[in-house]
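Analysis of the macromolecular model
The residues making up each chain are set out below.
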Amino acid sequence: MSLLELRGLSVRFETPAGSVKAASDVFLALDEHETLAIVGETGCGKSVIANAILRLLPENASVTGSVIYRGMDLLKMSEREISRIRGREIAIIFQNPSAALNPVHRILDQVSEPLLIHLNLPRHKALHEADRLLIALGLNGAGRLYPFQLSGGMNQRAMIACSSVLRPKILMADEPTKGLDQSMVENALELIGSVRDESSASLIMITHDLDVALSISERIAVMYCGEIVEMGRTENVLCDPEHPYTKALRESMPDRGFKPIPGNTPSMIDPPEGCRFHPRCPFKMDICSREKPSLNNSCGRYVRCWRCT
Ligand SMILES: Nc1ncnc2c1ncn2[C@@H]1O[C@H](COP(=O)(O)OP(=O)(O)OP(=O)(O)O)[C@@H](O)[C@H]1O
Ligand code: NI
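None of these values were measured; they are calculated from a predicted model. (Residues numbered from 1 in each chain as written. Chains lettered and ligands numbered in written order. Predicted model: local features only at pLDDT ≥ 70, side-chain atom pairs only at ≥ 80, totals over all residues. Heavy atoms only, no water.)

1. A closer look at the pattern of salt bridges
What counts, and what does not: Any Lys or Arg side-chain nitrogen located within 4 Å of an Asp or Glu carboxyl oxygen qualifies as a salt bridge. Exposure categories follow from relative accessible area, calculated using a 1.4 Å probe and restricted to protein chains: below 20% of the type maximum is buried, above 50% is exposed, and the middle band is partly exposed.
Counted under the stated rule, the structure contains 20 salt bridges. Here K76 makes a salt bridge to D73, at a shortest N to O gap of 3.3 Å. Judged by relative accessible area, D73 falls into the buried class, the value being 13%. Put simply, R250 and E251 hold a salt bridge, and the shortest N to O gap is 3.9 Å. Accessibility expressed as a relative area gives 18% for R250, which makes it buried. Take E251: its relative accessible area is 24%, and that puts it in the partly exposed class. Through salt bridges with shared partners, a single ionic network connects E129, R132, R167 and E198.

2. Notes on helix 4 (residues 107-119)
Side chains three or four residues apart in an α-helix point the same way, a direct result of the helix having 3.6 residues per turn. Condition: What counts as a helix is a DSSP run of H or I of at least four residues, what counts as a strand is a run of E of at least two, and both are numbered from the N terminus. One fewer than the residue count of a helix, multiplied by 1.5 Å, yields its expected span. Bend, at a single residue, is the angle you get between axes fitted to the 7 residues ending at that residue and the 7 residues starting at it. The contact criterion used is simple: two residues touch if any of their non-hydrogen atoms lie within 4.5 Å.
The end-to-end C-alpha separation of helix 4 is 19 Å, in line with the 18 Å expected for 13 residues at 1.5 Å each. Taking the largest bend as the criterion, helix 4 deviates by roughly 25°, centred on E113, and proline P114 comes between one and four positions later. Every buried residue belonging to helix 4 is among I107, L108, Q110, V111, S112, P114 and L115, and all of these are buried. Those residues of helix 4 that are buried lie in contact with helix 5 (123-136) and helix 6 (152-164).

3. Brief notes about the site of ligand 1
As a reminder, the rule being used: Residues are labelled near a given molecule or strand when at least one of their non-hydrogen atoms is within 4 Å of it. Here a polar contact is taken to be a pair of N or O atoms separated by no more than 3.5 Å, where protein atoms must pair a possible hydrogen donor with a possible acceptor and residues adjacent in sequence count only if both atoms sit in side chains. Each accessible area value is a Shrake-Rupley result obtained with a 1.4 Å probe; residue values ignore everything except the protein chains displayed when judging cover.
Lining the immediate surroundings of ligand 1 are 16 residues, of which T42, G43, K46, S47 and V48 lie closest. The separation between an oxygen atom of ligand 1 and a polar side-chain atom of T42 is 2.4 Å. Computed on the free molecule, ligand 1 has an accessible area of 630 Å², of which 69% lies beneath the protein chains in the complex. Of all the secondary-structure elements, those providing two or more residues to the shell around ligand 1 are strand 1 (4-15), strand 2 (18-30) and helix 1 (46-53).

4. Overview of the sheet that holds strand 10 (residues 227-233)
This is how the line gets drawn: Pairing between strands is defined by DSSP: at least two bridges between the two strands are required. Between N-to-C directions, angles cover 0 to 180 degrees, with each direction set by a line fitted to C-alpha atoms, over the stretch in contact for helices.
Strand order across the open sheet formed by 8 strands is 6-7-8-3-9-10-12-11, with mixed pairing between neighbours. For this open sheet the edge positions go to strand 6 (90-93) and strand 11 (296-298), each flanked by a neighbour on one side alone. Neighbour-to-neighbour, the strand axes of this sheet turn through a mean angle of 20°, independent of strand direction. In terms of strand pairing, strand 3 (residues 35-39) meets strand 8 (residues 202-206) through 4 bridges, oriented parallel. For A37, the partnering residue across the bridge sits in strand 8 and is M205. Lying over the sheet, helix 6 contacts strand 6 and strand 7 (170-174), oriented at roughly 170° with respect to strand 6. Its contacts with the sheet place helix 7 (residues 182-198) against strand 3, strand 6, strand 7 and strand 8, and it is angled at close to 155° to strand 8.

Structure representation (structure tokens):
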């Protein structure tokens, strides 16, 4: 059985303009020790999925389906039960350290806090453990400093330390490389990879950068307009994409000449009928605007396209 399974997860946000269908009927499985990438254009629902798993969405969200972690449905747990999962079993590494770190507490106190609160460790043990982790992440001596005294890269390491100090079984990294220059990207990936390996965790890597996905993940899910349109082994999907959207996404990457995907990003309030990608698809057929294709599985490669059925 998988470590984590999303079964028909859907998320809607009620807004004055209408109901935003941010994620629709998402099926995903994550195995132990596995790294899965979730990719897609901005606004396609990647962060919403990560936040729905840990029930971190705002009040205007309605979530249906199930999120099964070790046989338990996280969506059915009490607030108290889910708060024991957060950080301890499943943790998120956010993109922006300044939003995740508290400016008025020293780094060591912030990293050790989860050990005091979640594990009830005595203070000296918690500090010792936090110190050990900071050293492992190359932050020797930074524990007594405040976030403003550290560089951006060091703060990112500190934040990764906070997210991983309880050795969660699943790490979810939401665009951890966004805005970093190339040398920093490799650095951040290496760091997250080593934290994952040290706690023998699984990793969900959310990114819009296909190179990042290729370098860190074994499997990949490509999302378009709230739906998974293609999923499979990362190398197969990215080197030989089957869904027209995956193809277009690949062509839009810098190393392929930045060819923009034609047309506009669809409305999430009134998504296109039939295949949601059909208004932008160079290969569309009659049926594509009328009927919704399902996500078909052929030998572990899933594709949602009428041409591939
Ligand atoms: N609180 C909210 N209320 C209404 N709509 C929301 C809310 N949060 C997210 N959305 C909408 O849900 C959709 C999915 O958002 P999400 O943040 O998951 O996108 P994303 O794929 O993570 O994009 P990015 O790459 O920019 O981070 C978007 O259309 C977004 O506008
Ligand atoms: Ni996001």
